[in-house]
Amino acid sequence: MSKRIFVSATNTDIGKTYTSKLLIDALSRLGYRVGVYKPIETGVMTHPYDGDELYQCALSFNPGLSVLSLDDIVTLQFPLPAAPFVANEGRAIDLASFDTALAKIESLCDIVIIEGAGGLMVPIDEQTMMIDIPRYFNAVTFLVTHCNLGCINDTLLSLKALEDAKLPHLWGLNCRSNDKGFETTSLPYLNHRFGSVYQIDKDIDTIAKALLDTISLHNEEKA
Ligand SMILES: Nc1ncnc2c1ncn2[C@@H]1O[C@H](COP(=O)(O)OP(=O)(O)OP(=O)(O)O)[C@@H](O)[C@H]1O
Ligand SMILES: C[C@H](N)[C@H](N)CCCCCC(=O)O
Ligand SMILES: [Mg+2]
């Protein structure tokens, strides 16, 4: 069964691409041929920079991906830097249009990292939100959250959305060197509630292994 990780975040600019690249590195070091996919990228004036960043990183570990073009990695590209619904003026998007692209990438890898656009409740069209994508792809979600004041609320809301949707998921905090006060203002509650938390920079190898375990469990349940 395919191994798919859907990387989402509490919002845009939180670190989905940053984290995806660390996951590519960690999974590659575990011996996996890693592929990447960005089904929809908005804000593409001339070049899909997000998709390219993912592609170049994956290519450096998995040269087999060199037969692909950037259009294979980023299926739908829109100039307006906005939710797909807005960038595509509310037109319907047929999710089946992603299947051929993903199959081509998966023929060249053992596991694929799929990056969403923005957060989980970003509208794609009238019928679909970003949170519907991991179910469509049968992927395990990795939620990236931040370490600024407000991260408790943002994290719990996104986790509630994943739990309500009964989607298998893990999550981690993307703390930046200029984040101030996280350990005194937010971490105490997160530790109290969850026992321990993953921090992406420190724990990426543990996260990669936990994602592989979660994928195996999820695939067994689906079999
Ligand atoms: N831990 C970090 N330390 C330093 N810089 C970071 C860190 N995480 C992310 N960044 C930087 O912050 C910016 C936003 O991160 P990134 O592009 O990964 O966000 P994103 O969630 O993928 O955004 P989008 O919704 O546009 O796809 C980038 O310039 C990235 O290099
Ligand atoms: C252009 C940007 N970097 C992302 N690709 C799209 C973010 C859409 C966010 C929409 C919203 O939540 O209001
Ligand atoms: Mg990104």
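Everything in this summary refers to the structure shown in the same document. (Residues numbered from 1 in each chain as written. Chains lettered and ligands numbered in written order. Predicted model: local features only at pLDDT ≥ 70, side-chain atom pairs only at ≥ 80, totals over all residues. Heavy atoms only, no water.)

**Regarding the pattern of salt bridges**
And step 1. Throughout the structure, instances matching the rule amount to 10 salt bridges.
And step 2. The closest approach of N and O atoms between Asp50 and Lys38, which form a salt bridge, is 2.9 Å. Pair noted here: Asp50 is in helix H2 (residues 49–61) and Lys38 is in strand S2 (residues 34–42), with a separation of 12 residues, a long-range link.
And step 3. We classify Lys38 as buried; its relative accessible area is 3%.
And step 4. Between Lys104 and Asp72 there is a salt bridge, and its shortest N-O distance comes to 3.3 Å. (Salt bridge = Lys/Arg side-chain N within 4 Å of Asp/Glu carboxyl O. Helix = DSSP H or I, 4+ residues; strand = E, 2+ residues; numbered from the N terminus. Buried < 20%, exposed > 50% of the residue type's maximum accessible area, 1.4 Å probe, protein only.)

**Points about the packing of aromatic side chains**
And step 1. Evaluation of the coordinates by the stated rule reveals five aromatic pairs.
And step 2. Considering the side-chain rings of Tyr37 and Phe137, the 6.2 Å spacing of their centres and the 70 degrees angle between planes classify their relative orientation as edge-to-face. Taken as a pair, Tyr37 in strand S2 and Phe137 in helix H6 (residues 132–137) lie far apart in primary sequence, 100 residues in all. In this structure, Tyr37 and Phe137 share a single accessibility class: buried. (Phe/Tyr/Trp six-rings, centres within 6.5 Å; stacked < 30°, edge-to-face > 60°.)

**Notes on the sheet that holds strand S6 (residues 169–174)**
Sheets are built from strands that pair by backbone hydrogen bonding, the pairs being arranged parallel or antiparallel.
And step 1. Read across the open sheet, the six strands follow the order S3-S2-S4-S1-S5-S6; overall the sheet is parallel. Single-partner strands in this sheet number two, and they are strand S3 (74–78) and S6. Strand-to-strand, the axes of this sheet are offset by a mean angle of 25 degrees, without reference to chain direction.
And step 2. Both S2 and S3 contribute to a ladder of four bridges, which runs parallel. Bridging from a neighbouring strand, Thr42 pairs with Phe78 of S3.
And step 3. Along the sheet, H2 makes contact with S2, S3 and strand S4 (111–115), crossing S2 at roughly 175 degrees. (Pairing = 2+ DSSP bridges. Axes fitted to C-alpha atoms, helices over the stretch in contact; angles between N-to-C directions. Contact = heavy atoms within 4.5 Å.)

Purely geometric numbers; function is a separate question.
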